[in-house]
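Below, each chain spelled out in residue letters.
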Amino acid sequence: MSSASASSIQIQLPDGTLAEHPPETTAMDVAKGISEGLARSVIAAEVSGAVVDADRPLGEFSEGLEPLSLTLLTGRDEAALGVLRHSAAHVMARAVMRLFDGVSLAFGPTTEGGFYYDFDLPEKISEDDFPKIEAEMKRIIKEREPFERFILDREEARKLCDDLDQDLKVEHIDTGLSDQPTVSFYRQGEFVDLCRGPHIPDAGKIKAIKLMTIAGSHWKGDTSGRQLQRLYGTAFFDKKQLKAYLEQIEEAKRRDHRVLGKQHGLFSINPDVGQGLCLWLPKGARVRVALEDFLRRELLSRGYDPVYSPHIGRVEMYETSGHFPYYRDSQFAPLFGSEVGGMLDAWSERLQEGTLDSDGEDKLMAAAEVFGVKLPDYRSSASADAKRKVLHDWQVNNERYLLKPMNCPHHCQIFKAQPRSYRQLPLRLFEFGTVYRHEQTGELNGMLRVRGLTQDDAHIFCTAQQVEDEFRATIELTKFVLESVGLDDYSVQLSLRDPDSDKYVGSEENWDHAEGALRGVLQGSGLTFNEEPGEAAFYGPKADFMVRDCIGRSWQLGTVQLDYNLPERFKLEYNGSDNAAHRPVMIHRAPFGSLERFTGMLIEHFAGAFPLWLAPEQVRVLPLSDKSLDYAVQVAKELEAAGLKVTVDNSGGKVQAKIRNAQLDLVNYMAVVGPKEAEAGHVALRDRIDGDLGSMPTAEAIARLKQEIVSRQVRQVVKSDFSAAAVDSDAVGNEY
RNA sequence: GCUGCUGUAGCUCAGUGGUAGAGCACUUCCUUGGUAAGGAAGAGGUCAUGGGUUCAAGUCCCAUCAGCAGCUCCA
């Protein structure tokens, strides 16, 4: 960090040129040396890979005799946009402090689409305040004041923040920054903020700003802590980029699967059925059936065995698997064979918490007796654990069930249902398994986050040596599935264990082997992937597919996870070639993730306009007038017999109106039929995308459409011009 | 779950404390047509639910429920 005593430093520019400069030279000086125009457009600099202020003396970054690599960042560089936005966050905070009293600043970072700043202030900010805040920001920007950096040691910094009445900053210096001997501040006019930087040279560089929304947040993400007001905004180097960004948001809104799902009759969620419980309407169900049929056929041809399991299971099974009661908050409450089960459950919980006094205990005993429950082994003098065991034993004998939160325990039981030999491995069990999870109300989101979902779930039981081949086959399958629906922009996130943690089950040797195998397969697959140490589940490493849709948003869909835990817990065994019992490795995998989430994502990806092979209404027959209705019905029967999803528009009105409605309903093909077609046995086919295709024999039209279906053509994806990922979907973690 | 916003016809939405509105969709009638909107009439409402204030509440207040945005969470 500290400047070397050398009297000069060597600086290397991206084109390779080397130059000697005094250590106090700044990136801005270097830019001026090249041209004044460049100097005017410099936003920041990248020095040896780190983004820094353009006015920092470069000598500060010099270590030893190595030349410093310097890249001047201008509005054209992606990294510069982040610097701009963070400076815009400061400008916004400054404007808010001018307009409101008692503002306490929290954090103000950049986000993918802009920036935010969290404030603690007595007054509530509302969207009605945005115009005046924006006006104040514009006033600040117009003054083009520079951002000035200065360093204080911790004590001075603490005092400064205290003098400024910034108690959250004081707290942050005391806690989050307790290991820093000095901290940096930025001053812009009267506004001073504890900040790591970097910043733009002056506020005049901000050419376009807009406040987006106001929302609640929490100090350091702690929901029990102070509630803050988070003001979101965005900023760009020019107004055109801002406009494109706002259009991108509008485009995402137009594609919202909840809007399109309602508009096109795909699915419905209503309070009478229950929050987060999705009704698949006929059209949505047809899309799902197409997806299920496709995947089922594919799995059967790839050596999978279909299985079915019920929607509920004994709680004891989930105790064995370890899912109950540890994840109780996100499960629906157990179903009890007896009315009294729930009471015993609460009773047991209070014993565990130690909140049950003897008076309460007597009342519970009396209540239990009313229900005819006899607990002769329950002694009031016994320990809480002993009492809980008595209650638990009663419950076990009186059956309690859980709506299944995952399919794995059932599939483990299927593995166990028969003796297994190594010759049967790998055993691949698949099921479209419906599971129920009691997600928090605030998490629910259309089809993307629901409480009842169907996973395209399978569990592969294999030997440690087979993991690599199975993993490779699963990756291939997932690639194939994604590409079949026209998703060709994806990468893989490989989650590995944290080498410093001991929370993991399974032997070190197995983990090493598995992680090496996974990495090797991904390297050989040609897929782009990144490794995330410490992100693995405690029971095994995993690979998640991150998919980009056509407007640049990224989604986490398919997942492959290794599991050393469940085979252990369920004591799964197979007989090896050595005639000894061995424990299999289990692989969870789901290329879609869940049918709900996948379909919701597809609705947005295609903006509701599904490719022919997935479309819920592939052809609509449009009679020219009622006189041609009989022929239209006859044509529809022929198309239906050929396996096409077809309807007849029997409404009155002109054919132009019928075409318009069919186009708006996103029907792939229209078959216009009038007297001429009836005469010749033809249809006048109209393509949703290309328009009128002319008159042709019905058989020819059928052949054409079937060809398109069989080849699973994805002919049209309406791409947005805006390529940057502006709206990040809530990337939902693994589904197991 | 937390904070904020919203809830009016099937859908999208107007509605200033004083008789409930529009467009689209729907039904009926007229029109029978050639590749993105033919015409007319009709029907459709416990203004989310429950309280309160008021002579009077869709409108103001409180609670509940639901939706949305963000936060938090996601085996």
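Note that this is a predicted model, so its numbers are computed, not measured.

## A few points about the sheet that holds strand β18 (residues 400-403)
Okay, so step 1: Spatial ordering of the open sheet is given by β16-β18-β17, a layout of three strands whose pairing is antiparallel. Pairing within the sheet leaves two strands with one partner each, and these edge strands are β16 (312-314) and β17 (335-336).
Okay, so step 2: The pairing of β16 with β18 spans three bridges and is antiparallel. Across the sheet, residue G313 finds its bridge partner in β18, namely L402.

## Remarks on the nonpolar core
Okay, so step 1: In this structure, L291, F598, L602, F610 and L614 are the most contacted members of the largest nonpolar core, which totals 63 residues.
Okay, so step 2: Apart from residues lying up to four places away in sequence, L614 is in contact with V287, A290, L291, V485, L602, F606 and K645.

## Points about the pattern of salt bridges
Okay, so step 1: Using the criterion set out here, one finds 39 salt bridges in the structure.
Okay, so step 2: Measuring nitrogen to oxygen at the nearest pair gives 2.9 Å for the salt bridge that ties R400 to E319. With R400 in strand β18 and E319 in helix α10 (residues 315-321), this residue pair connects regions lying 81 residues apart in the sequence.
Okay, so step 3: With relative accessibility at 26%, the residue E319 sits in the partly exposed group.

## Points about the packing of aromatic side chains
Okay, so step 1: Inspection of every chain in the model, using the stated rule, returns 16 aromatic pairs.
Okay, so step 2: Where Y490 meets F545, the ring centres are 5.8 Å apart and the plane angle is 55°; that geometry is what we call tilted. Residue Y490 is found in strand β21 (residues 490-496), and its partner F545 is found in strand β23 (residues 542-548); the two are separated by 55 residues along the sequence.
Okay, so step 3: Judged by relative accessible area, F545 falls into the buried class, the value being 0%.
Okay, so step 4: Linked through ring pairs, F294, F480 and W613 together constitute an aromatic cluster.
Okay, so step 5: The aromatic ring of F236 is capped on one face by R85, whose charged end is 4.7 Å from the ring centroid.
Okay, so step 6: When the ring centre of W280 is taken as origin, the NZ or CZ atom of R288, which lies over that ring, is 4.8 Å away.

## A look at the pairing of strand β19 (residues 427-436)
Okay, so step 1: Burial analysis of β19 places ten of its ten residues in the buried class, which makes it a mostly covered element.
Okay, so step 2: Of the two faces of β19, the one holding L427, L429, E431, G433 and V435 and the one holding R428, F430, F432, T434 and Y436 are both buried throughout.
Okay, so step 3: Sheet topology note: the strand β15 (residues 305-306)/β19 ladder contains two bridges and is parallel. The partner of P306 across the bridge, within β19, is F430.

## Brief notes about helix α19 (residues 629-641)
Okay, so step 1: Compared with an ideal rise of 1.5 Å per residue, which puts 13 residues at 18 Å, α19 spans 18 Å between its outermost C-alpha atoms and is within 8% of the ideal.
Okay, so step 2: Residues of α19 that are buried: Y631, A632, V635, A636 and L639. Projected down its long axis, α19 shows its buried positions confined to an angular sector of 140°, all on one face. For α19, the exposed residues set more than 90 degrees away from the buried face come down to D630, K637 and A641.
Okay, so step 3: Tucked inside the fold, the buried residues of α19 contact β28 (619-623), β29 (646-648), β30 (669-673), α21 (675-680), β31 (682-687) and α22 (698-710).
Okay, so step 4: At the C-terminal side of α19, G643 shows a positive phi close to 90°.

## Quick notes on the sheet that holds strand β3 (residues 42-47)
Okay, so step 1: With mixed pairing, five strands are arranged side by side in an open sheet as β2-β1-β5-β3-β4. With partners counted over all chains shown, the strands left at the sheet margins are β2 (18-21) and β4 (50-52), one partner each. Adjacent strand axes in the sheet meet at a mean angle of 35° when their direction is disregarded.
Okay, so step 2: One ladder, built from four bridges, connects strand β1 (residues 9-12) with β2; its direction is antiparallel. Bridge pairing in β2 links Q12 to L18.

## Structural notes on a positive patch on the surface
Okay, so step 1: A cluster of basic residues, K138, R144, K207, K210 and K239, forms a positive patch on the protein surface.
Okay, so step 2: Secondary-structure assignment places K207 in the loop between β10 (191-194) and β11 (208-218).

## Considerations on the packing of helix α3 (residues 78-99) against helix α4 (residues 130-143)
Okay, so step 1: It is the contact of α3 with α4, at a shortest axis distance of 9 Å, that shows an interaxial angle of 120°. Handedness of the crossing formed by α3 with α4: right-handed. Contacts between α3 and α4 involve A88, V91, M92, R94, A95, V96, R98 and L99 from the first element and K132, I133, E136, M137, I140, I141 and E143 from the second.
Okay, so step 2: Class assignment for the residues of the contact of α3 with α4 results in ten nonpolar, no polar and five charged.

## Quick word on the domain arrangement of chain A
Okay, so step 1: The domains assigned to chain A are domain 1 (9-74), domain 2 (79-245), domain 3 (284-306 + 407-605) and domain 4 (619-710).
Okay, so step 2: Computed from C-alpha coordinates alone, the two centres of domain 1 and domain 2 are separated by 27 Å.
Okay, so step 3: Carbon and sulfur atoms make up 61% of the area that domain 1 and domain 2 hide from each other, which totals about 900 Å².
Okay, so step 4: Summed over the shared surface of domain 1 and domain 2, the result is one salt bridge.
Okay, so step 5: Linking R149 and D53 is a salt bridge whose minimum nitrogen-to-oxygen distance equals 4.0 Å.
Okay, so step 6: In terms of residue count, β3 provides more of the side of domain 1 that touches domain 2 than any other element does, three residues in total.
Okay, so step 7: The class makeup of the residues in the side of domain 1 that touches domain 2 is seven nonpolar, one polar and five charged.

## Looking at the pairing of strand β27 (residues 585-590)
A regular strand places its side chains so that they alternate between the two faces of the sheet.
Okay, so step 1: Of all six residues that make up β27, six are buried, and the element is covered over most of its length.
Okay, so step 2: Alternating positions in β27 separate into two faces, V585, I587 and R589 on one and M586, H588 and A590 on the other, with burial throughout.
Okay, so step 3: For strand β20 (residues 452-462) and β27, the ladder comprises five bridges, and the chain directions are antiparallel. If you follow I460 over to β27, its bridge partner there is I587.
Okay, so step 4: Pairing of strand β24 (residues 554-563) with β27, which is carried by five bridges, proceeds in the antiparallel orientation. Bridged to V560 within β27 is R589.

Reading the values: rules and limits
- Residues numbered from 1 in each chain as written.
- Chains lettered and ligands numbered in written order.
- Predicted model: local features only at pLDDT ≥ 70, side-chain atom pairs only at ≥ 80, totals over all residues.
- Heavy atoms only, no water.
- Pairing = 2+ DSSP bridges.
- Helix = DSSP H or I, 4+ residues; strand = E, 2+ residues; numbered from the N terminus.
- Core = buried A, V, L, I, M, F, W, Y, C linked by side-chain atoms within 4.5 Å.
- Buried < 20%, exposed > 50% of the residue type's maximum accessible area, 1.4 Å probe, protein only.
- Contact = heavy atoms within 4.5 Å.
- Salt bridge = Lys/Arg side-chain N within 4 Å of Asp/Glu carboxyl O.
- Phe/Tyr/Trp six-rings, centres within 6.5 Å; stacked < 30°, edge-to-face > 60°.
- Lys NZ or Arg CZ within 6 Å of the ring centre and 35° of its normal.
- Expected span 1.5 Å × (residues − 1).
- Arc of directions from axis to C-beta.
- Axes fitted to C-alpha atoms, helices over the stretch in contact; angles between N-to-C directions.
- Patch = residues over 30% accessible without salt bridge, like charges linked within 9 Å, V, L, I, M, F, W, Y side chains within 5 Å.
- Areas by Shrake-Rupley, 256 points an atom, 1.4 Å probe, with all protein chains shown as cover.
- Lys, Arg positive; Asp, Glu negative; His and termini not counted.
- Charge placed at Lys NZ, Arg CZ, Asp CG, Glu CD.
- Left-handed = near helix turned anticlockwise from the far one by under 90°.
- Nonpolar A, V, L, I, M, F, W, Y, C, P; charged D, E, K, R; others polar.
- Domains from an automatic or database assignment.
- Buried area = accessible area lost by both parts, 1.4 Å probe.

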